[in-house]
Amino acid sequence: MNDSKNLVIAVVLSALVLLGWSWAANKFFPTANPPSSEVEGGKQRPVPQQAQPTQAQPTQATPATAKTLRTRSVVLRATPRVRIETPSLKGSINLKG
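The written sequence of each chain sets the order in which its residues are numbered from 1. Whole-chain, interface and lining totals are the exception, using all residues; otherwise, since this is a predicted model, local features are given only for residues with pLDDT of at least 70 and side-chain atom pairs are given and counted only at 80 or more. Side-chain figures throughout are based on the complete set of non-hydrogen atoms in the structure, without hydrogens or water.

Draft legend 1. Summary view of the overall build of the protein. The secondary structure content of the protein amounts to two helices and four strands. Working definition: helices are DSSP H or I runs of at least four residues, strands are E runs of at least two. Numbering for both runs from the N terminus. Counting from the amino terminus, helix and strand elements in the protein follow one another as α-β-β-α-β-β. Each residue's exposure class comes from its accessible area (1.4 Å probe, protein chains only) as a fraction of the maximum for that residue type: buried when under 20%, exposed when over 50%, partly exposed otherwise. Split into buried and exposed, the 97 residues of the protein put 2% on the buried side. Whether two residues are in contact is decided by their heavy atoms: any pair within 4.5 Å suffices. Within the protein, counting contacts between residues at least 6 apart in sequence, those at least 24 apart form 0% of the total. Within the structure as shown, the protein displays about 9,800 Å² of accessible surface, and the carbon and sulfur contribution to it stands at 61%. The Shrake-Rupley method, run with a 1.4 Å probe sphere, supplies the accessible areas, and residue values consider only the shown protein chains as cover.

Draft legend 2. Here's a closer look at the pattern of salt bridges. When a carboxyl oxygen of Asp or Glu lies within 4 Å of a side-chain nitrogen of Lys or Arg, that pair is called a salt bridge. One pass over the structure, following the stated rule, counts one salt bridge. Across the pair arginine 83 and glutamate 85 runs a salt bridge, and its minimum N-O distance is 2.8 Å. Taken as a pair, arginine 83 and glutamate 85 share a single burial class, namely exposed.

Draft legend 3. Geometry of the packing of aromatic side chains. Planes of paired rings set the category: under 30 degrees apart is stacked, over 60 is edge-to-face and the rest tilted, where pairs are Phe, Tyr or Trp rings (Trp by its six-membered ring) whose centres lie within 6.5 Å. In total, this model carries one aromatic pair according to the counting rule given. Relative to phenylalanine 28, the ring of tryptophan 23 has its centre 6.3 Å away and its plane inclined at 85 degrees; by these criteria the two rings are edge-to-face. When sorted by exposure, tryptophan 23 lands in the same class as phenylalanine 28, which is exposed.

Draft legend 4. Layout of the pairing of strand S2 (residues 43-46). Between any two strands, at least two bridges found by DSSP are needed for them to pair. Of the pairings in the sheet, the one linking strand S1 (residues 37-40) to S2 comprises four bridges and is antiparallel in character. Note that in S2 the partner of glutamate 40 across the bridge is lysine 43. Where S1 hands over to S2, the hairpin turn is made up of two residues, of which glycine 41 adopts a positive phi near 65 degrees.

Draft legend 5. Local environment of helix H1 (residues 2-28). Bend is computed residue by residue as the angle between axes fitted to the seven residues ending at the residue and the seven residues starting at it. At glycine 20, H1 shows its strongest bend, of approximately 45 degrees. Counting buried positions over the 27 residues of H1 gives two, only a small fraction of the element.

Draft legend 6. Region of interest: a nonpolar patch on the surface. A patch consists of residues whose relative accessible area exceeds 30% and which take part in no salt bridge; residues with like charges are grouped when within 9 Å of each other, and nonpolar side chains (Val, Leu, Ile, Met, Phe, Trp, Tyr) when within 5 Å. A cluster of nonpolar side chains, namely Val8, Ile9, Val12, Leu13 and Leu16, defines an oily patch on the protein surface of about 460 Å² accessible area. Secondary-structure assignment places isoleucine 9 in helix H1.

Draft legend 7. Quick peek at the pairing of strand S4 (residues 90-94). With five bridges connecting them, strand S3 (residues 81-85) and S4 associate as antiparallel partners. By the bridge assignment for S4, valine 82 is matched with isoleucine 93.

Draft legend 8. Region of interest: the confidence of the model for the protein. Residue-level confidence of the predictor, termed pLDDT, takes values from 0 up to 100. Mean pLDDT for the protein: 79, with 81% of residues reaching 70 or above. S3 holds the highest mean pLDDT among the elements of the protein, 91, whereas S2 holds the lowest, 77.

Draft legend 9. The environment of serine 37, seen in detail. Positionally, serine 37 belongs in strand S1. Beyond its immediate sequence surroundings of up to four residues, serine 37 is in contact with Gln44, Arg45, Pro46 and Val47.

Take a look at the structure:
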């Protein structure tokens, strides 16, 4: 009698875990946001975002400006850096950021 009682309890608890997992996972572990860019041919390009029907679209007063690309040497000179030179490693670390 005791073994069948334990078996019934185990089956009921297992069913609760199996049926309640999707609810608990959605409530406590929400899914990540969709990626905002994808790599294509070694370069990143933005992925067009689909509008959510429940959210209002923000209005832009000014168009977004594209960032200008700077060469590596210009960036290295423009930021304060700590130079590292060891027998196995050469480079620098940006102090801002």
